[in-house]
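Residue-level structure breakdown
Read off the chains here:
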Amino acid sequence: MREELKRMLKVEILDVEYEGDKIIVYVPKDQVRIAVGSGGSAVKSAELVLGKKIEIRGR
């Protein structure tokens, strides 16, 4: 799952937590905008592929 997220979001993944049907992805603070994408497009497409809600947090 981690490698798949890294490939889809095109950022370094520091940590992944699973909270029910939600995935919390920690990325470097300077890469949060890249991971979210324009208008949330990167996260939305990853959510469609994985079938789970994704929350991006910076560290």
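Residues numbered from 1 in each chain as written. Predicted model: local features only at pLDDT ≥ 70, side-chain atom pairs only at ≥ 80, totals over all residues. Heavy atoms only, no water.

With an unreviewed UniProt entry as reference, the chain is termed KH domain-containing protein, source organism Thermococcus aggregans.

Digging into the UniProt feature "domain: KH type-2" (unreviewed entry) in the chain
As annotated by UniProt and renumbered to match this structure, "domain: KH type-2" (unreviewed entry) occupies residues 4-56. Taken end to end, residues 4-56 comprises 40% helix and 28% strand; its first and last C-alpha atoms sit 15 Å apart. (UniProt positions renumbered as here; feature names shortened; annotations may be inferred. Helix = DSSP H or I, 4+ residues; strand = E, 2+ residues; numbered from the N terminus.)

Description of the pattern of salt bridges
Applying the stated criterion across every chain yields a total of five salt bridges. Put simply, glutamate 55 and lysine 22 hold a salt bridge, and the shortest N to O gap is 3.0 Å. Here glutamate 55, found in strand β3 (residues 53-58), pairs with lysine 22, found in strand β2 (residues 22-27); they are 33 residues apart in sequence, far enough to count as distant. Of the residues examined, glutamate 55 reaches a relative accessible area of 25% and is grouped as partly exposed. By relative accessible area, which is 23% here, lysine 22 ends up partly exposed. Here the salt bridges share partners, and the residues they tie into one network are Glu19, Lys22, Glu55 and Arg57. (Salt bridge = Lys/Arg side-chain N within 4 Å of Asp/Glu carboxyl O. Buried < 20%, exposed > 50% of the residue type's maximum accessible area, 1.4 Å probe, protein only.)

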